[in-house]
Amino acid sequence: MSGDAANGHAAGGGGPAGEGLEGQHALGVRCEGLSFWYDEGATRIAALRGVDLTLAPGASVALLGPTGSGKSTLLQLLRGLLAPDEGRVLIDGLAAGEDGYEERERRIGLVFQMPEMQLFAATCRDDVAFGPRQLGWSAAEVDDAVTSALAAVGLPADRFGARHPYSLSGGEQRRLALAGVLAMRPGLLLLDEPFVSLDPASRRDLEAILRGLRATGMGLVLATHDVDRAYGLCDARVVLDEGVVVDAGPWRFGAGGEDALLSHRLKLPFVVELWRRLGRAAAEAPPELAAAAEALA
Amino acid sequence: MAIAQYYPRASPIHRLDPRCKVVAVAALVVGLFLRSSFAALAVYGLVAVAGLLLSGVPLGWVARGLRPVVWLLVLTFVVQLLFAPGPAFYTLGPLHLSLRGLAIAGYLSLRLVVLVVASLLLTLTTPPIALTDALAWLSRPLRRLRVPTEELALMVTIALRFIPTLMQEIDTIMKAQRARGASFTRGGPLRRARALVPVLVPLFILSFRRADELALAMEARCYLPGAPRTRLHPLHAHRRDAVVLVLVAALVVLAELI
Amino acid sequence: MSLIEIRGLRYRYAGADDDALHDLDLTVSEGEFVAVVGANGSGKSTLARLLGGLARPAGAARAAVCGHDLCDHEGHFAVRRDVGVLFQNPDNQLVGSTVEEDLAFGLENLALPSPEIARRVDEMLALYGLEALRTREPHLLSGGQRQRTALAGVLAVPRRVLVLDEPTAMLDPAGRDEVLAAVRREADHGLTVVFVTQEMDEVLMADRVVALASGRAVFDGAPAALFAERALLLSLSLGLPPAAEVGLALMERGVLAELTLTLDDLVAALQAGRP
């Protein structure tokens, strides 16, 4: 997997992406033999089976797989919302129970599917402040975190801070929920289907924000069906099917991996599909097409 | 998690008209309370057990249905045993154990069991929509008092249909807030109650939005409150239902006379 | 024959400062497949509801749908029988405790005799490949299965027009394909379709596309014509189908001469240009 460990600094510059959000020590996570079952009525269903995975600090990974393949379960296990039935999760080499594990676990941010569901406070500020307050930070620290987070998602505190969360549009609410997680200054950000049910303009906005976060050195794990966006944002791919890792590797134009995606009922990113249809090897790509592909990614 | 859990099977009990079943169980319950004697209890108990066996529902499901009342059973038994008046054979301060106390405790606990088993017999062998249809039909006389029984029945059906969905949503919202550092297990009752606000507020909002959208979808499918509606599976009474009702009536009389 | 004839349609939500729809004109002939696009707040969903008789216009010079007058109280109720509407959230459309009960809901509301309801439910189960799910409860269905059930439920009552309001927005790619295939099948059988969407590749399914902005129709023509108007698309915050985006990038580099809209067209154009 690609990505350098980043003890980064704020990305700086104008625009919502990465503005004012201080780079934190990025976390590296490893799974060893992770398994998880759940009961549905009288039957036991395996959500994950023997998953081994390594995420280097600062890496941006696309977690792909059909619905029901275990992507959400894996994210929840990484964040410690579920306890594995078998195997373990190591954060920065530490296992559960060891000194410093819990503190690091709290620095893994998880944005759920349709995260607007978690908005409950009377003002945007208050909602974003919920996480930092739970971490026991001082009022000044909370304030600072909230302001940075709101700026990072393009909802500046002076304009949106006092507004009621439900007065925002769908796309804005999505970004507000993301701010709620960013305010906790995560070293690794896990996102479960962040683009679903968003209009195209909001999708583009969110993509830009995630791109900015990635640039600050924050690790990203993107569990999504939107292969095109994932292709543009992530350097590596992990493919899950029926709870098992069926493929993993780098992900960029020409890196391969098409067969794994197709044989597990997944779509290819548009540009990759186009190239496949043209029946050419990536090495033969005329510079114009390759440049176009890079530009779109 | 099952509230009105239905176990599909082709048994004589399943085939009975739900209205008949509701009336039969109601009669059993009333009869149970009319007469306090072990003999009567035995009659009703036997009927309930016979019904269960005929229905072919696995005992495990029945046991699961009894689980919620286990504590109530134990409590009833213990309280009656220790506090019921009567000649004591053992005393310890305010507590005294007597044979009469034992009898009462036993009777009340067994009666509770028979009650629960009888209602389980109803819910395990009748699909929820048939149950609400039966209750709607039986409460038709209330329409004369302008009670909207048909609309209420539909409301109950829809509410039941969304319970599993709501459970999933509660779980997801709780996990999302836990991911933001919330805890639902720490602290005393007041703290835990406050911790539920970030779960209940979104749940309410989701539910209101759902109600709006569902109402619109229903109108789009030509639903009109108060308009007459037919059913995919209308209720059909047969001779066997009448027979069962007569049998039940006879049993109640028998239990009274014993 | 025009099933939808609308001129000068106006609608305003209670308590709003502005009209959601201003002076809208729309004509749809029988058998047509019309896509409706626009940014959020452009009035697309409002239009969908009005066409379905779920709200009454504030005013119109003419608002006839399947021969009923939308502005008339009786008329807008009557429209609900002829026009089916499928919404975005599959879960919030399923009323029944099982798939077959949900399919029956609309038929029950029309007080049809039970044997006919049963017959029609069997037909829809077969047509939509839902037979194996007949007694399945809604919360155990996938997103695509739920939306297919909802669609089957809407069409269980034979309709003259089907209006869809962003029906695939909440679905995964597999679910999207299922639902779009079902819609295509119905359209091929002659059903008149009005498809509100924000996905530009779904627009390519249509014969005609109407673009809304601030409650007005600003474009009415073929999809290819719409995608050729870059400035208009930008002003409406609309994008292009993926093939057109790549095509455009290639045109800018001089690789392609003409804009292509579908993957097939793009592949063909690129292969034609190579020896």
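Residues numbered from 1 in each chain as written. Chains lettered and ligands numbered in written order. Predicted model: local features only at pLDDT ≥ 70, side-chain atom pairs only at ≥ 80, totals over all residues.

K.L.:
Looking at this model, I keep getting lost on the overall build of chain B. Mind explaining?
P.N.:
Counting its secondary structure elements, chain B contains 11 helices and 2 strands. Ordering the α and β elements of chain B from the N terminus gives α-α-α-α-α-β-β-α-α-α-α-α-α. Rg of the C-alpha trace for chain B: 23 Å, well past the compact-globule value of 18 Å for 258 residues, more than 25% over. Expressed as lengths along the three principal axes of its C-alpha atoms, the size of chain B is roughly 65 × 60 × 40 Å. Taking the intrachain contacts of chain B between residues at least 6 apart in sequence as the baseline, contacts between residues at least 24 apart amount to 77%. (Helix = DSSP H or I, 4+ residues; strand = E, 2+ residues; numbered from the N terminus. Rg over C-alpha atoms; globule rule 2.2 N^0.38 Å. Contact = placed C-beta atoms within 7 Å.)

K.L.:
In this structure, what is going on with the overall build of chain A? I would like to understand it.
P.N.:
Counting secondary structure elements, chain A contains 11 helices and 9 strands. When burial is assessed residue by residue, chain A has 49% of its 297 residues classed as buried. Partitioning the intrachain contacts of chain A with sequence separation of at least 6 by distance along the chain shows that 69% fall at a separation of at least 24. (Buried ≥ 20, exposed ≤ 12 C-beta atoms within 10 Å, placed from the backbone.)

K.L.:
How should the pairing of strand 4 (residues 62-65) of chain C be read in this particular structure?
P.N.:
Along a regular strand, successive side chains alternate from one face of the sheet to the other. All names here are of chain C. Here strand 4 shows a buried face lined by A63 and V65 and an unburied face lined by R62 and A64. One ladder, built from 4 bridges, connects strand 1 (residues 2-11) with strand 4; its direction is antiparallel. What sits directly across from I6, in strand 4, is A63. Bridge count between strand 4 and strand 5 (residues 68-69): 2 bridges; the pairing is antiparallel. Within strand 5, the residue paired with V65 across the bridge is H68. (Pairing = 2+ DSSP bridges.)

K.L.:
What is the right way to read the sheet that holds strand 6 (residues 83-86) of chain C from this model?
P.N.:
To summarise the sheet geometry, strands pair through backbone hydrogen bonds and adopt either a parallel or an antiparallel arrangement. Residues and elements named next belong to chain C. In space, the 6 strands of this open sheet follow the order 6-7-8-3-9-10, with mixed pairing throughout. Edge positions in the sheet fall to strand 6 and strand 10 (216-221), since each of these pairs with one other strand and no more. The average angle at which neighbouring strand axes cross in this sheet is 20 degrees, direction not considered. Taken together, the 5 bridges between strand 3 (residues 33-38) and strand 9 (residues 208-213) define a ladder with parallel strand orientation. Residue V36 lies in a different strand from strand 9, and its bridge partner there is V210. (Axes fitted to C-alpha atoms, helices over the stretch in contact; angles between N-to-C directions.)

K.L.:
Hey, could you run me through the sheet that holds strand 6 (residues 188-192) of chain A in this one?
P.N.:
All names here are of chain A. Ordered by their spatial adjacency, 6 strands build an open sheet running 5-6-7-3-8-9, and the pairing between neighbours is mixed. A strand with exactly one partner marks an edge of an open sheet, and here the two such strands are strand 5 (108-111) and strand 9 (244-250). Strand-to-strand twist across the sheet, computed as the mean angle between neighbouring axes with direction ignored, equals 15 degrees. Judged from the 4 bridges that link them, strand 5 and strand 6 form a sheet pairing that is parallel. Bridge pairing in strand 6 places G109 opposite L189. Strand contacts of helix 1 (residues 71-79): strand 3 (60-64), strand 5, strand 6, strand 7 (219-223) and strand 8 (236-241), with the helix running at about 150 degrees to strand 6, the strand carrying the most contacts.

K.L.:
What's the story with the interface of chain B and chain C in this structure? I'm lost.
P.N.:
Size of an interface: often given as the accessible area lost when the parts come together. Contacts between the two partners involve 26 residues from chain B, matched on the other side by 32 residues from chain C. Those elements that provide at least two residues to the side of chain B that touches chain C are helix 7 (128-138), helix 8 (149-179) and helix 10 (197-220) of chain B. If one sorts the elements of the side of chain B that touches chain C by residue count, helix 10 of chain B sits on top with 8 residues. Split into classes, the residues belonging to the side of chain B that touches chain C amount to 15 nonpolar, 4 polar and 7 charged. (Nonpolar A, V, L, I, M, F, W, Y, C, P; charged D, E, K, R; others polar.)

K.L.:
Help me understand the packing of helix 5 (residues 70-83) of chain B against helix 6 (residues 99-125) of chain B in this model?
P.N.:
To characterise two packed helices, one gives the angle between the axes of the helices and the distance between these axes. All names here are of chain B. Interaxial distance between helix 5 and helix 6 falls to 8 Å at its minimum, and their mutual angle equals 160 degrees. Classified by the interaxial angle, the pair formed by helix 5 and helix 6 is roughly antiparallel. Crossing of helix 5 over helix 6 shows right-handed handedness. Mapping the contact onto sequence places L72, L73, T76, F77, Q80 and L81 in helix 5 and G101, L102, I104, A105, L108, S109 and L112 in helix 6. (Parallel < 35°, antiparallel > 145°, perpendicular 65-115°, else oblique. Left-handed = near helix turned anticlockwise from the far one by under 90°.)

K.L.:
For this particular structure, what's the right way to read helix 4 (residues 114-127) of chain C?
P.N.:
All names here are of chain C. In this model, helix 4 (14 residues) spans 20 Å end to end at C-alpha, consistent with the 20 Å of a helix rising 1.5 Å per residue. Looking only at helix 4, the buried set comprises I117, V121, M124 and L125. All buried residues of helix 4 project into a common sector of 100 degrees when viewed along the axis, lining one side. Counted as exposed and oriented over 90 degrees from the buried face of helix 4: P115, E116 and A126. (Expected span 1.5 Å × (residues − 1). Arc of directions from axis to C-beta.)

K.L.:
It is not clear to me how the domain arrangement of chain B should be interpreted in this structure. Could you clarify?
P.N.:
Residue and element names in this part refer to chain B. Taken domain by domain, chain B consists of domain 1 (12-140 + 236-257) and domain 2 (149-220). A separation of 33 Å is found between the C-alpha centroids of domain 1 and domain 2. Facing 8 residues of domain 1, the contacting portion of domain 2 comprises 6 residues. Its residues assigned to classes, the side of domain 1 that touches domain 2 comprises 4 nonpolar, 2 polar and 2 charged. (Domains from an automatic or database assignment.)

K.L.:
What is the right way to read the environment of L94 of chain A from this model?
P.N.:
Residues and elements named next belong to chain A. Relative to the helices and strands, L94 is located in the loop between strand 4 (86-91) and helix 2 (101-105). Given 16 C-beta atoms within a 10 Å radius, L94 is considered partly exposed. Taking C-alpha positions, L94 is 32 Å from E207, a pair spaced 113 residues apart along the chain. For L94, the contacting residues outside a window of four places in its chain are G100, Y101 and R104.

K.L.:
For this particular structure, what's the right way to read the packing of helix 3 (residues 38-55) of chain B against helix 6 of chain B?
P.N.:
Residues and elements named next belong to chain B. One can describe the packing of helix 3 onto helix 6 by two numbers: an axis separation of 10 Å at closest approach and a directional angle of 30 degrees. One element, helix 3, and the other, helix 6, form an angle in the roughly parallel class. Read as a crossing pair, helix 3 and helix 6 show a hand that is left-handed. Where helix 3 approaches helix 6, its residues F38, L41, Y44, G45, A48, G51, L52 and S55 are matched on the opposing element by Y107, L110, R111, V114, V117, A118, L121, L124 and T125. A per-class count over the contact of helix 3 with helix 6 returns 12 nonpolar, 4 polar and 1 charged.

K.L.:
Quick question: what am I supposed to make of the nonpolar core here?
P.N.:
Where a protein is soluble and globular, its nonpolar side chains tend to be buried together. With 93 residues, the main nonpolar core has V36, L51, V85, V163, V194 and F195 of chain C as its most contacted residues. Here this core gets 6 residues from one element, more than from any other, and that element is helix 5 (residues 143-156) of chain C. Residues contacting V85 of chain C, with those up to four places away along its chain left out, are A220 of chain B together with A48, G52, L54, V154, V163 and D165 of chain C. Grouped together as the second largest cluster of nonpolar side chains are 82 residues, V29, L77, A151 and L220 of chain A included. (Core = buried A, V, L, I, M, F, W, Y, C linked by C-beta atoms within 7 Å.)

K.L.:
It is not clear to me how the interface of chain A and chain C should be interpreted in this structure. Could you clarify?
P.N.:
Taken residue by residue, the interface counts 22 residues in chain A and 23 residues in chain C. Here the residues of the side of chain A that touches chain C are counted per class, giving 13 nonpolar, 4 polar and 5 charged.

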